[in-house]
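Listed below, chain by chain, are the residues.
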Amino acid sequence: FCTNLNIDFLTVRLYAGLWVLVISIITVAVDGSRMLRYVTRFTEDIFASLISVIFIAESLRFLYQTFIHNPVANFEFYRHIRQKCELNAFNGERNDSQMMSICNGEPNTALLTTFIMISTFALAYGLRLLRQSYYLGRTLRRALGDFGVLIAIAVVASVAHLLVPDPYLQRLEVPDHFSFTNIEARQHGLFVSAYLPLNQLWVIIVAIVAALLVFILLFVETEITELLLSRKDRCLVKGSGLHWDLLLMGACTLLCSIFGLPWMCAAAVQSLAHCSSLSVPKKTAPGERPGVDYVLEQRVTTIGVSLLMGLFAFGGSYLRLPLASLFGVFLYLGVMNLTGVQFVQRIILFFIPGKYFPDTPYTESVIE
């Protein structure tokens, strides 16, 4: 749209961010969060399932693309491909898209990526199960379960760094300095300019449409995440600031638009995983259904995660983590969140005989 009309995209995005903040203020002023009373448990579960499926699908898509660009074949296959690519380049001929995708491929990359991704997922998932088991001491298994993802990344990344050469793995490339992604395409300084020619002032009004669509997405993402965290079975004591979060999200959208940064939204899967890691289970007898005793509600872990993410921007160029291990974490987050969704649990009951149903409210009380 912006390219066809010769309009600066970041400027339009700036006005869209401004309108998002205005719409957020109006929604908060008229108590728009009350619309959440029309959101049912079914809607929440559908939303949580969709986000989890996206995480799982993106992880599998990364693995599929790795196999496409690095086919599992013998040395002769890759030698033939390299010779053909070099010959075409020497003769000035252009390789087709399929040939281009594997010209720089490696014979071991696909299987190594699969192994690292599955290893990260399995280790994180195993430590999660250990947290709910009776092995080791209660404090130790809780610590291992809470830091399971970090332990999985550290162990797998360390082994990959020591044993696997660089050409055989895709690694997370983090620049060692702060800069714009593409200075020429940006055409702005640190701040995005709001200037528009007189014949393009209508863009300010058109930006309302984009802002409305973005706000709907932010509203659903933020407020339903709040609902998922505020369920009674999570045993949270402190209330949720629905209006404050919505207003803060609008302000962050404008701030990111001013600097040309990506827009933020509530991370549903990460938020639920964070809440689960801070939940202390009840002491139950063997065979009794586990439940949550209380949640360690504080701000230290959230601030700590944000600080570590900021520090990673400085040290990421030295860590050079394998992308496969990160996608293994995405797969873990998607699977763990999906297993806790009641909608998915009800679907699984279709394949279980009635006499083996678990003791849950939705299996004990059935309305005919």
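Residues numbered from 1 in each chain as written. Predicted model: local features only at pLDDT ≥ 70, side-chain atom pairs only at ≥ 80, totals over all residues. Heavy atoms only, no water.

- In the annotation of an unreviewed UniProt entry, the protein chain is listed under the name BMA-ABTS-4, isoform e and assigned to Brugia malayi.
- Note on the protein chain: under the UniProt heading Subcellular location (unreviewed entry), the record states "Membrane". (UniProt positions renumbered as here; feature names shortened; annotations may be inferred.)

1. Thoughts on the overall build of the protein chain
- In terms of helices and strands, the protein chain carries 15 helices and two strands.
- By the burial criterion, 36% of the 368 residues in the protein chain qualify as buried.
- Partitioning the contacts of the protein chain with sequence separation of at least 6, the portion at a separation of at least 24 is 77%.
- Split by element, the accessible area of the protein chain, about 23300 Å² in all, is 67% carbon and sulfur. (Helix = DSSP H or I, 4+ residues; strand = E, 2+ residues; numbered from the N terminus. Buried < 20%, exposed > 50% of the residue type's maximum accessible area, 1.4 Å probe, protein only. Contact = heavy atoms within 4.5 Å. Areas by Shrake-Rupley, 256 points an atom, 1.4 Å probe, with all protein chains shown as cover.)

2. With respect to the packing of aromatic side chains
- The full count for this structure, using the stated rule, is five aromatic pairs.
- Summarising the aromatic geometry, the rings of Phe327 and Phe330 are spaced 5.5 Å apart at their centres and angled 85° between planes, so their arrangement reads as edge-to-face. With Phe327 and Phe330 both in helix 13 (residues 323-339) and three residues apart, this pair spans about one turn of that helix.
- Members of the aromatic cluster, each reached through a chain of ring pairs, are Phe55, Phe62, Phe327 and Phe330. (Phe/Tyr/Trp six-rings, centres within 6.5 Å; stacked < 30°, edge-to-face > 60°.)

3. Thoughts on the UniProt feature "transmembrane region" (unreviewed entry) in the protein chain
- Per the UniProt record, "transmembrane region" (unreviewed entry) is annotated on residues 12-30, 42-64, 109-131, 143-164, 201-220, 241-264, 300-319 and 326-352.
- Here residues 143-164 is 91% helix and 0% strand, with 30 Å between the C-alpha atoms at its ends.
- Span residues 201-220 is 95% helix and 0% strand, its end C-alpha atoms 30 Å apart.

4. Here we look at the environment of Gln270
- Along the chain, the position of Gln270 falls in helix 11 (residues 268-277).
- Here the alpha-carbon distance between Gln270 and Asn337, two residues 67 residues apart in the chain, equals 9.1 Å.
- Gln270 has contacts with Phe55 and Leu333, leaving out every residue within four places of it along the chain.

5. Quick look at a nonpolar patch on the surface
- Judged by side-chain polarity, Val209, Leu212, Leu213, Ile216 and Val220 come together as a nonpolar surface patch covering roughly 440 Å² of accessible area.
- Along the polypeptide, Leu213 turns up in helix 9 (residues 202-229). (Patch = residues over 30% accessible without salt bridge, like charges linked within 9 Å, V, L, I, M, F, W, Y side chains within 5 Å. Salt bridge = Lys/Arg side-chain N within 4 Å of Asp/Glu carboxyl O.)

6. Let's talk about the pattern of salt bridges
- Evaluation of the coordinates by the stated rule reveals one salt bridge.
- In this structure, Glu58 engages Arg61 in a salt bridge whose closest nitrogen and oxygen atoms are separated by 3.9 Å. Residue Glu58 and its partner Arg61 are both found in helix 2 (residues 41-69); the two are separated by three residues, about one turn of the helix.
- When its relative accessible area of 39% is taken as the criterion, Glu58 is described as partly exposed.

7. Focus: the packing of helix 1 (residues 9-29) against helix 10 (residues 242-259)
- Put simply, helix 1 and helix 10 touch, their axes get as near as 8 Å, and they point 165° apart. With respect to helix 10, the axis of helix 1 lies roughly antiparallel. With respect to the hand of their crossing, helix 1 and helix 10 are arranged in left-handed fashion. Contacts between helix 1 and helix 10 pair Arg13, Leu14, Gly17, Leu18, Val20, Leu21, Ser24, Ile25, Thr27 and Val28 from the former with His243, Leu246, Leu247, Gly250, Ala251, Thr253, Leu254, Cys256, Ser257 and Ile258 from the latter.
- Per-class residue counts for the contact of helix 1 with helix 10 are 12 nonpolar, seven polar and one charged. (Axes fitted to C-alpha atoms, helices over the stretch in contact; angles between N-to-C directions. Parallel < 35°, antiparallel > 145°, perpendicular 65-115°, else oblique. Left-handed = near helix turned anticlockwise from the far one by under 90°. Nonpolar A, V, L, I, M, F, W, Y, C, P; charged D, E, K, R; others polar.)

8. Examining helix 13
- Its 17 residues give helix 13 an end-to-end C-alpha distance of 24 Å, which sits within 8% of 24 Å, the value for a rise of 1.5 Å per residue.
- With 14 of 17 residues buried, helix 13 lies mostly within the body of the structure. (Expected span 1.5 Å × (residues − 1).)

9. What about the nonpolar core?
- One finds Ile116, Met117, Leu228 and Tyr332 to be the most contacted residues of the largest nonpolar core, which totals 36 residues.
- Listed by contribution, the elements that provide at least two residues to this core are helix 2, helix 5 (109-131), helix 7 (148-163), helix 9, helix 11 and helix 13.
- Top element by residues in this core is helix 13. It accounts for 10 residues.
- Judged by nonpolar contacts, the second largest core, of 17 residues, contains Tyr15, Ala16, Leu36 and Val203. (Core = buried A, V, L, I, M, F, W, Y, C linked by side-chain atoms within 4.5 Å.)

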